[in-house]
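Listed below are the residues making up each chain.
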Amino acid sequence: MSFLAKIFGKPKLNYRKKYELLQSAISGTMSKVYKARDKVTGQIVALKILDKKKTAIIEERFKGAGKPTEGEITVQFDHPYIVKAFDQGLTTEGDQYIVMEYLEGTGLNNVLLVKDDLMAGARLYYIRQAAEALEEVHKKGFIHRDICPRNLLFVGDGTAMKLIDFGLTVPNKPPFTDPGNRTGTANYMAPELVRRKKTDHRLDIFSFGVTIYELCTKELPWPRGDTGNAAMTHNQPPEPIETYRPQINKALSRAIRKCIDPEASQRFDSMTQFIAAIAKVEHEDE
């Protein structure tokens, strides 16, 4: 059933009538996001308007396969470390929209650019939150496909870090896992994805591993580059994390290394296994 068929009969949203837009749109890769106030309830929300043409390119790859939209996926999650969506559908202009909780904070990617160590002593706290968020995505039967620092957002005063952006997310089953669909962020893409091979949820585990390697070191396990360079560098072992953080807890180091194994069969089978592997770790360093 097509997206339009699924929402047939649901009123389209005149978002400029319903919401007061409080700031100019923040443009993402495939959407614009506004901070907005509901004119009736006063609730502050994030209003995401998807780019029709760019969204169509992604959805066309799975035409006839019953791929859920980003909004349909996002509203399924009710988890403390995943952004909460309240509503989704079509605007009066025919664009897909998602109404989400407004998260006042900054992305992990921005924190990693700061010279000062803003996460000193708290890395395990955030690693476990990100792990639990991804565990929930997989339990719901999805592959996020774009785990990277840009999609992990610190909330307010840093009490939590939430997973965002399900624009590339697909169900963890054929045809969505068939070879050929290469989407994601280059430096965090698993080798099987770069090489257009068959995939599953373990590509997220790889991306998660690269992300927390960087969270711990502000470096990547392989040289930075585009997807072509990534395919080349994955032929080489990753740089040991101890090169950049000699004092890292050994159990945490082993767990990260297992996540980023170039062979999917050598990674953890699930995020639940990763969480168990670091369950007894009390501090990021020995």
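Residues numbered from 1 in each chain as written. Predicted model: local features only at pLDDT ≥ 70, side-chain atom pairs only at ≥ 80, totals over all residues. Heavy atoms only, no water.

Draft legend 1. Structural context of the overall build of the protein chain. Broken down by element type, the protein chain carries 11 helices and 10 strands. Here the C-alpha atoms of the protein chain give a radius of gyration of 19 Å, agreeing with the 19 Å that 2.2 N^0.38 yields for 286 residues. Along the longest, intermediate and shortest principal axes, the C-alpha atoms of the protein chain span 55 × 40 × 30 Å. Scored against the burial criterion, the 286 residues of the protein chain give a buried share of 51%. A fraction of 64% describes how many contacts in the protein chain between residues 6 or more apart in sequence connect residues 24 or more apart. For the protein chain, the exposed surface amounts to about 13,700 Å²; the carbon and sulfur share of it is 51%. Positive and negative side-chain charges of the protein chain, numbering 42 and 37 respectively, have mean locations separated by a distance of 5 Å. (Helix = DSSP H or I, 4+ residues; strand = E, 2+ residues; numbered from the N terminus. Rg over C-alpha atoms; globule rule 2.2 N^0.38 Å. Buried < 20%, exposed > 50% of the residue type's maximum accessible area, 1.4 Å probe, protein only. Contact = heavy atoms within 4.5 Å. Areas by Shrake-Rupley, 256 points an atom, 1.4 Å probe, with all protein chains shown as cover. Lys, Arg positive; Asp, Glu negative; His and termini not counted. Charge placed at Lys NZ, Arg CZ, Asp CG, Glu CD.)

Draft legend 2. Representation of the packing of helix 8 (residues 202-217) against helix 10 (residues 250-259). Running from N to C, helix 8 and helix 10 point in directions that differ by 140°, and their axes come no closer than 7 Å. The angle between helix 8 and helix 10 falls in the class oblique. As for the relative orientation of helix 8 and helix 10, their crossing is left-handed in sense. Only L252, I256 and C259 of helix 10 make contact with helix 8, whose side of the interface consists of I205, F206, F208, G209, I212, Y213 and C216. (Axes fitted to C-alpha atoms, helices over the stretch in contact; angles between N-to-C directions. Parallel < 35°, antiparallel > 145°, perpendicular 65-115°, else oblique. Left-handed = near helix turned anticlockwise from the far one by under 90°.)

Draft legend 3. Spatial organisation of unusual backbone geometry. Cis geometry marks the peptide bond from P174 to P175, where omega comes out at 5°. One can find P175 in the loop between strand 10 (170-171) and helix 7 (191-194). The phi angle at R145 is positive, at roughly 75°, despite the residue not being glycine. Assignment of secondary structure puts R145 in the loop between strand 7 (142-143) and strand 8 (152-155). If you check the backbone angles, D165 has positive phi at about 65° while not being a glycine.

Draft legend 4. Representation of the packing of aromatic side chains within the structure. Throughout the structure, instances matching the rule amount to 10 aromatic pairs. Ring geometry for F206 against W222: centres 5.7 Å apart, planes inclined by 25°, an arrangement best described as stacked. In this pair, F206 is assigned in helix 8 and W222 in the loop between helix 8 and helix 9 (227-233), connecting sequence segments 16 residues apart. Overall, F206 belongs to the buried group, its relative accessible area being 0%. Relative to F274, the ring of F208 lies with its centre 5.0 Å away and its plane at 80°, an arrangement referred to as edge-to-face. Taken together, the residues F208 in helix 8 and F274 in helix 11 (residues 271-277) connect sequence positions 66 residues apart. Ring pairs connect the aromatic residues F77, F142 and F166, which therefore count as one cluster. The ring of Y19 is capped by K18, whose NZ or CZ atom sits 5.5 Å from the centre of that ring. Across from the ring centre of F268, 5.6 Å away, lies the NZ or CZ of K258, which sits over that ring. (Phe/Tyr/Trp six-rings, centres within 6.5 Å; stacked < 30°, edge-to-face > 60°. Lys NZ or Arg CZ within 6 Å of the ring centre and 35° of its normal.)

Draft legend 5. Structural detail: the pairing of strand 6 (residues 96-101). Of all six residues in strand 6, six are buried; the element is thus mostly enclosed. With five bridges connecting them, strand 4 (residues 44-50) and strand 6 associate as antiparallel partners. Of the residues in strand 6, the one forming a bridge with I49 is Y97. Pairing of strand 5 (residues 85-90) with strand 6, which is carried by five bridges, proceeds in the antiparallel orientation. Paired with Q88 across the bridge in strand 6 is I98. Taken together, strand 5 and the strand that follows it, strand 6, pair antiparallel across an intervening segment of five residues, in which G94 is found at a positive phi of about 90°. (Pairing = 2+ DSSP bridges.)

Read these as geometric descriptors, not functional statements.
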